[in-house]
Each structure stands twice: as C-alpha cells, then as structure tokens.
Amino acid sequence: MLSRCLRSISRIPGNLIPITLSHYIPKPQNSIPCHRITASLTSVSVLTCKRPNTVPFQVRSVATIADPAARFDEMVIGPQRKYYFLGGKGGVGKTSCAASLAVKFADHGHPTIVISTDPAHSLSDSFAQDLAGGDLVPIEGLNSPLFALEINPEKAKEDFRTASQKNGGSAVKDFMNNMGLGMLADQFGDLKLGELLDTPPPGLDEAIAISKVMQFVESPQYSMFSRIVFDTAPTGHTLRLLSLPDFLDASIGKIMKFKQKLASAASAFKSVLGKAAEQQDVPDKLQQLRERMTKVRDLFRDSNSTEFVIVTIPSVMAINESSRLHASLRKECVPVHRLIVNQILPPSVSCCKFCTTKRKDQMRAIDMIRNDPELANLRIIEADLVDLEIRGVPALKFMGDIVWR
Ligand SMILES: Nc1ncnc2c1ncn2[C@@H]1O[C@H](COP(=O)(O)OP(=O)(O)OP(=O)(O)O)[C@@H](O)[C@H]1O
C-alpha cells in the first residue's frame, strides 16, 4: 500500500521529502491508481514497486532520496540565495530554459538575476532587449525585479591579462633582472608563467567572467537577489569552466609562493649590500583572484545553494553528450538533479510522414535516457517543441509553464 511505501521511505535516515508516488511512476504505469501499488525503497535511487499478484518492477527514474528539489515548487521555496546553472550541447534550448526559469522565479516573488556566460550570446535575443552593455538591465513586466546581463569574456580576459602582467608576469621578470637574479627564473620554469598569463588557456575567459559575476553579486547592493540563473556555454566550455578554478587556484598559489620566495631573496640580497630591505607589495589582485576562484569552485559543489540543470533534445548525439556531461559533473561533485528533454514533437494528428518518423526517432532517444546509467536517475522534464518563437517575456512565461512545473 502507498502508506506502507511512504512509511518505509520515511525510515531512511535523512529522508525529509514527501514523495508523491504517482509522480515517479513512468508511463504506462502512470495510469495505475497509487493505492493498488506497493513499493519499497531498495536504494537511494531505485524504487521497487509491485502490483498485487505481479512481479515487482523498478522505477528507475525516481529522484534520489537525497534530492531536495524535485519540482519547481521546491526550487522556489526559501528566501536564501540559490544558483542555477543551465548547460548542454549547443542549440538545445539552454538560453530559453534559463531565461524562462528566471522569469518564473521573478514572477514567484524572487528578485532574480540571469547572466549569460556563453561567448555566443543569445540572451538579448531571448528577452528581445540589448543586454550586452556590461551592466544589469531591468526586465519589465514581472511581479519582482528581474535583471539580465551578458558577460563580455574578451573584455574580462583583457582585464585579467593586464592585472597579471602587472602583478605576476613581466613585473616579476623585470624585478628579477633588475636584482641580477634572472638565472633564478629557470628554476621556476614549471610555473609556465608565460603560458598562463600571456596566452590564457581556453575556458579561462568563462572562469574570469564568472569570478567577475561573483564579485558583482557579492556586493551588498545586490544582496536582495535570491535567485541567480546562469546560461552557460555549450558543454566543452562548461566542463573546462568547472575544472578551471582548481587549476587557477593551484597556479596562482604557485605564483604567489614564488613571489614570496623572490621577495625574501631580494631582501637578503639587499641587506648583504647594506641597503634597507624594501617592503614588497602584497600581490593583492592575485590574492583576490585566487579567493574568488576558491569561491567559484566551492559554489559549484555546494548542494545547498547550487544546482546544474542539463538541457538536451531527444537525439542520440545530444543524449550521448548529456551523459558525458553528467559523468563529468558527477566527477567534479557538481549537484545535478534534473534533465530537461526539450523540443519534443507532440504526437501528430495529421498523417505527416516526416513528423511521425521524427517522433518515433525521438521516442527511441528518450528510451535511451531511461537506460543510460548516467541519466536514468535524474528527474526527466519533457518539454514539447512549440509553434511560436520563444522571444520576449510573454513567450518566456509560456515556455516556463511548459518546462518548470
Ligand atoms: N521548446 C521549444 N520549442 C520551440 N522552439 C524552441 C524550444 N526551445 C528552444 N527553441 C528555439 O530554439 C532556438 C535555440 O534555442 P536557445 O537559444 O535557447 O538554445 P541554446 O542551447 O541556448 O543555443 P546556443 O548553444 O546557440 O546558445 C531558439 O530559436 C529558441 O527559440
């Protein structure tokens, strides 16, 4: 019985969430009334259900019991700030989903910011407003404030390059040469200063963009915003973005250690010559950048405040990429609870051969999700392909009602 099922679930330590059993039962079992089903929790992610006098079946798409947010109502609960990252393959609908989520949050009373870190921005198109000016732009027509912004990664990269050249690159080398310590540079060859500072690795632009956003949203002026939604770049970029804070933290740490060593060497050298030791500037900007990187890294992994939502479409290529994305996110300990399968063709009422064939392909692809060990345990949100262009607040509200239920 359902009550027995719920009792057995509630005995699992740490389980606090109410479970609506029917919600987790995939088609065609959906039509079976709940009271005719017995169920017990066999693991945190698999619910075994049994109809009277039948063999048990497993509901693989059940959300994990640790999942605190299985539906939109739970995303909206709580005044504390939450961050949502939307990512996936190019063109699957990340921007539309991110923008519609931000609109829905704002319509449900959350002052919200939506930020695009995708170098190929489409947030401006989505809102039908110019958001590329570098400042937050207000979006009208909602119950609570909503602001949107497209980050300019090239500008951010240039800022970083200037700062690091002053603090860690040429400034360090000049200093060494001036002190006659140029030969020490060889011993620090593994730092690859030139590589890090003069030719930033791919993805650095996004990491900087996000660290700038952190700085932006940390300001007390913006503390009122309780939901921050990120429209991220396609998968490859995003994966580099997730691993970069660690890389940068370590690299900046090395540079700072190196500078400290250099400062002590210089000071010893000067005292030998009888000159007063100069006080070295603390590498403030590097330290600030490092602190921000640490914050970004921690933010990505904090399941209380952050969720990464994967967006995909029902095609073999997109689903395979989503599976790889989820595996990488899991490896990086980034919390993921749901997968949006966007642009599903509704059943055709006409005898359009193209539509029928396409839909069959899509249904096969959706079955792949149910059998994919990486994706099957996520909550799957199916969103139809709609026959209007998703552009402007009213269209985004419409999209939000389809996706964020
Ligand atoms: N469910 C849907 N029904 C109809 N059109 C959709 C749907 N979802 C997205 N679109 C349309 O598909 C196009 C691509 O969507 P969107 O820009 O949101 O994708 P994206 O993943 O952010 O793309 P990119 O990777 O290029 O930034 C847009 O024209 C958008 O309006």
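The name that an unreviewed UniProt entry assigns to the chain is ArsA/GET3 Anion-transporting ATPase-like domain-containing protein, with the source organism given as Gossypium stocksii. Taken from UniProt, the Sequence similarities (unreviewed entry) comment for the chain reads in full: "Belongs to the arsA ATPase family." Checking UniProt for the chain, the heading Catalytic activity (unreviewed entry) contains the comment "ATP + H2O = ADP + phosphate + H(+)".

Chemist: How would you sum up the packing of helix 4 (residues 94-107) against helix 15 (residues 393-403)? Please name residues and give values.
Modeler: Orientation of helix 4 relative to helix 15, taken along the N-to-C sense of each, is 95°, at an axis distance of 8 Å. One way to sum up the angle between helix 4 and helix 15 is to call them roughly perpendicular. On helix 15, the residues that touch Ser 96, Cys 97, Ala 99, Ser 100, Val 103, Lys 104 and Asp 107 of helix 4 are Leu 396, Lys 397, Met 399, Gly 400, Asp 401 and Val 403. Considering only residue class, the contact of helix 4 with helix 15 consists of 6 nonpolar, 3 polar and 4 charged.

Chemist: Outline the nonpolar core, supporting the account with residue identities and numerical values.
Modeler: Judged by nonpolar contacts, the single largest core of 35 residues is most densely connected at Leu 86, Leu 101, Phe 127, Leu 146, Ile 340, Val 403 and Trp 404. It is helix 4 that contributes the most residues to this core, 8 residues altogether. Core analysis: the next-biggest nonpolar cluster, separate from the first, contains 31 residues, Met 214, Phe 300, Ile 319 and Leu 375 among them.

Chemist: Which residues make up the packing of helix 13 (residues 316-331) against helix 14 (residues 353-370), and what values go with them?
Modeler: Closest axis-to-axis distance for the helix 13/helix 14 pair is 9 Å, and the angle between their directions is 15°. Judged by the inter-axis angle, helix 13 sits roughly parallel to helix 14. The handedness of the crossing between helix 13 and helix 14 is right-handed. Here Val 316, Ile 319 and Asn 320 of helix 13 lie close against helix 14, whose contacting residues are Ala 365, Ile 366, Met 368 and Ile 369. For the contact of helix 13 with helix 14, the per-class residue count stands at 6 nonpolar, 1 polar and no charged.

Chemist: Lay out unusual backbone geometry in plain terms, naming residues and giving numbers.
Modeler: The phi dihedral of Ala 128 is positive, around 55°, even though this residue is not glycine. Checked against the element boundaries, Ala 128 lands in the loop between helix 5 (123-127) and strand 6 (137-139). Overall, Ala 128 belongs to the partly exposed group, its relative accessible area being 42%. For Cys 333, which is not glycine, the phi dihedral falls at a positive 60°.

Chemist: Please set out the sheet that holds strand 9 (residues 306-312) residue by residue, giving values where relevant.
Modeler: Spatially, 8 strands are ordered 6-7-5-8-4-9-10-11 in an open sheet, and the strand pairing comes out mixed. Of all strands in the sheet, those bounded by a partner on one side alone are strand 6 and strand 11 (379-384). Neighbour-to-neighbour, the strand axes of this sheet turn through a mean angle of 25°, independent of strand direction. Sheet topology places strand 4 (residues 82-88) next to strand 9; 6 bridges connect them, and they run parallel. Bridging across to strand 9, Leu 86 finds its partner in Val 309.

Chemist: Please set out the pairing of strand 9 residue by residue, giving values where relevant.
Modeler: Counting buried residues in strand 9 gives 7 out of 7 residues, a clear majority hidden from the surface. Where burial is concerned, the two faces of strand 9 agree: the one with Thr 306, Phe 308, Ile 310 and Thr 312 and the one with Glu 307, Val 309 and Val 311 are both buried. Across 4 bridges, the pairing between strand 9 and strand 10 (residues 336-344) is parallel. Residue pairing across strands places Thr 312 opposite Val 341, the latter belonging to strand 10. For the handedness criterion, the β-α-β arrangement of strand 9, helix 13 and strand 10 is classed as right-handed.

Definitions and limits used
Residues numbered from 1 in each chain as written. Predicted model: local features only at pLDDT ≥ 70, side-chain atom pairs only at ≥ 80, totals over all residues. Heavy atoms only, no water. UniProt positions renumbered as here; feature names shortened; annotations may be inferred. Axes fitted to C-alpha atoms, helices over the stretch in contact; angles between N-to-C directions. Helix = DSSP H or I, 4+ residues; strand = E, 2+ residues; numbered from the N terminus. Parallel < 35°, antiparallel > 145°, perpendicular 65-115°, else oblique. Contact = heavy atoms within 4.5 Å. Nonpolar A, V, L, I, M, F, W, Y, C, P; charged D, E, K, R; others polar. Core = buried A, V, L, I, M, F, W, Y, C linked by side-chain atoms within 4.5 Å. Buried < 20%, exposed > 50% of the residue type's maximum accessible area, 1.4 Å probe, protein only. Left-handed = near helix turned anticlockwise from the far one by under 90°. Pairing = 2+ DSSP bridges. Right-handed = clockwise from strand over helix to strand, strands pointing away.

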